[in-house]
Amino acid sequence: MLNWRSVRHVPNTRFTRSIGPERKETPMSRVAVVTGAGQGIGREYALALAQDGHHVVAADLNKDAVLALAERAKAQGLDIVALPVDVSDKASVEALAAAVRRDVGPVQILVNNAAIYHSMRQDPQLTVDIDYWRKVFAVNVDGALLCTQAFAPDMIEASWGRVIMQTSTAAYLGKGGHYGVSKVALIGVTQGFARELGPKGITVNAIAPGPIDTEATRVTVTDEIMQRLMTSIPLGRMGSTDDLLGTLRFLVSDAAAWMTGQVLVVDGGLTKRL
Ligand SMILES: NC(=O)c1ccc[n+]([C@@H]2O[C@H](COP(=O)([O-])OP(=O)(O)OC[C@H]3O[C@@H](n4cnc5c(N)ncnc54)[C@H](O)[C@@H]3O)[C@@H](O)[C@H]2O)c1
């Protein structure tokens, strides 16, 4: 007979150690790593998790950007530690994991947000340079794989964890290309990890935003494409980073305890107009 207790994963607060007197410690404080937190959506994710009392590590290829974020957070009384990482490089990811464990503590929330998006090339599949294609996959897909491999052992040890992948509606629009296909692949990575890590008490879900008003979107998406997208969004406007925060907070919370392998599309209805 199945013992219900054996299949329930009670939130583990064993690793919510106090790291400094200035830190806001609540029963739900956890160590959270956000990749690609130097700007845009990742920066807002990091700030939101810190505002909720989590001990946040903001990791990015752009070290100066995460250092600036940590300074800004400090001025607001928030707890964000800045660390450099190249998510496409296994040694760099392992160095990040070691530094986080040593300086902050075991990780229970991982947000795989880093991607090549800002200023990305728009080459069609027919002519895209294979080295560029591989570079995009190395960051957008391998990066999430490597970071999850590196931090999952902490979550397995705690029998509790949350992994959030940042995919995109580009995965649903059928346009292909290096970016769109990488975001489709990331959904596969999400589902694979959900299956493997579910029995360990770890949920793995993805957020698929539609067009969000970030610096990168303003550079990457032309006005013409943006106008076309606007007419396809039932809610009639582009998204803001704030529009994503409720979904992130839900996915890391215990309200989402029995949900894994899912993609939450936050796009103003864009993909429902197909
Ligand atoms: N902005 C949008 O409209 C939108 C829509 C859907 C999905 N997304 C996804 O959301 C995420 C963030 O979007 P954004 O608009 O903030 O993009 P962005 O380009 O401004 O931010 C990406 C961040 O990732 C970092 N990064 C790039 N390569 C890295 C690497 N190898 N290692 C570590 N960090 C690296 C960059 O330095 C940057 O800080 C991306 O995954 C993007 O694909 C964005």
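Here goes a summary of the coordinates provided. Everything quoted here is computed from the prediction, not taken from an experiment. (Residues numbered from 1 in each chain as written. Predicted model: local features only at pLDDT ≥ 70, side-chain atom pairs only at ≥ 80, totals over all residues.)

Broken down by element type, the protein carries 9 helices and 7 strands. Taking all 274 residues of the protein together, the buried fraction comes to 44%. Restricting the contact set of the protein to residue pairs at least 6 apart, pairs at least 24 apart contribute 76%. (Helix = DSSP H or I, 4+ residues; strand = E, 2+ residues; numbered from the N terminus. Buried ≥ 20, exposed ≤ 12 C-beta atoms within 10 Å, placed from the backbone. Contact = placed C-beta atoms within 7 Å.)

Buried residues dominate strand β3 (residues 80–84), accounting for 4 of its 5 residues. Alignment of strand β2 (residues 55–60) against β3, held across 5 bridges, turns out to be parallel. If you follow A59 over to β3, its bridge partner there is L83. In this fold, the crossover linking β2 to β3 by way of helix α3 (residues 63–75) has right-handed handedness. (Pairing = 2+ DSSP bridges. Right-handed = clockwise from strand over helix to strand, strands pointing away.)

At a minimum axis separation of 9 Å, helix α4 (residues 90–103) and helix α5 (residues 130–158) run at an interaxial angle of 35 degrees. The interaxial crossing formed by α4 with α5 has right-handed handedness. Residues K90, V93, E94 and A97 of α4 form the contact with α5, whose participating residues are L146, C147, A150 and F151. Grouping the amino acids of the contact of α4 with α5 by side-chain chemistry returns 6 nonpolar, no polar and 2 charged. (Axes fitted to C-alpha atoms, helices over the stretch in contact; angles between N-to-C directions. Left-handed = near helix turned anticlockwise from the far one by under 90°. Nonpolar A, V, L, I, M, F, W, Y, C, P; charged D, E, K, R; others polar.)

Not every one of the 32 residues close to the ligand is listed here, only the nearest: G36, G40, A115, H118 and A216. Residues that form the shell around the ligand fall into these classes: 14 nonpolar, 15 polar and 3 charged. (Near = placed C-beta within 6 Å.)

Our focus in this paragraph is the pairing of strand β4 (residues 109–112). On any regular strand, side chains alternate: one points to one face of the sheet, the next to the other face. Across the two faces of β4 the burial is the same, with I109 and V111 and L110 and N112 all buried. Bridging between strand β1 (residues 31–35) and β4 involves 3 bridges; their strand directions are parallel. Opposite A32, over in β4, you have I109 as the bridge partner.

Let us now look at the packing of helix α2 (residues 40–51) against helix α9 (residues 242–252). For the pair α2 and α9, interaxial distance at closest approach is 10 Å and the crossing angle is 55 degrees. Accordingly, the angle class assigned to the pair α2 and α9 is oblique. Here the hand of the crossing between α2 and α9 comes out right-handed. Residues I41, E44, Y45 and A48 of α2 form the contact with α9, whose participating residues are L244, L245, L248 and R249. Split by residue class, the contact of α2 with α9 holds 6 nonpolar, no polar and 2 charged. (Parallel < 35°, antiparallel > 145°, perpendicular 65-115°, else oblique.)

So, about the nonpolar core. One finds V33, V34, A46, A58, A59, L69 and I80 to be the most contacted residues of the largest nonpolar core, which totals 76 residues. By residue number, the principal contributor to this core is α5, which donates 11 residues. In contact with V34, other than residues within four places in its own chain, are G42, Y45, A46, L49, V56, A58, A59, V111 and N113. (Core = buried A, V, L, I, M, F, W, Y, C linked by C-beta atoms within 7 Å.)

Before going further, it helps to examine α9. Along α9, the positions that sit buried rather than exposed are L244, L248, L251 and V252. Here the buried residues of α9 occupy an arc of 90 degrees about the axis, which is enough to place them on one side. Exposed and facing more than 90 degrees away from the buried side of α9 are D242 and G246. Residues of α9 that are buried in the fold lie against α2, β4, β5 (161–166), β6 (202–209) and β7 (263–266). (Arc of directions from axis to C-beta.)

Turning our attention to the environment of G239. Locating G239 in the fold gives a position in the loop between α8 (223–231) and α9. Along the primary structure G239 and P209 are separated by 30 residues, whereas in three dimensions their C-alpha atoms are 8.2 Å apart. With residues near it in sequence (within four places) discarded, G239 still touches P209, G210, P211, I212, D213, V266 and G268.

Strand order in the open sheet made by the 7 strands is β3-β2-β1-β4-β5-β6-β7, with parallel pairing throughout. Either end of the sheet is taken by a strand with one partner, and the two such strands are β3 and β7. Each strand of the sheet is rotated relative to its neighbour by a mean of 20 degrees, with strand direction disregarded. Strands in contact with α2 are β1, β2, β3 and β4; relative to β1, the strand with the most contacts, it is inclined by about 170 degrees. Against the sheet, α5 touches β1, β4, β5 and β6, its axis set at about 170 degrees to β4.

Bringing unusual backbone geometry into the picture now. Of note in this structure, S119 is not a glycine but carries a positive phi near 60 degrees. Mapped onto the secondary structure, S119 falls in the loop between β4 and α5. A positive phi angle is found at S159, which is not glycine, with a value near 55 degrees. Of the residues examined, S159 has 14 C-beta atoms within 10 Å and is grouped as partly exposed.

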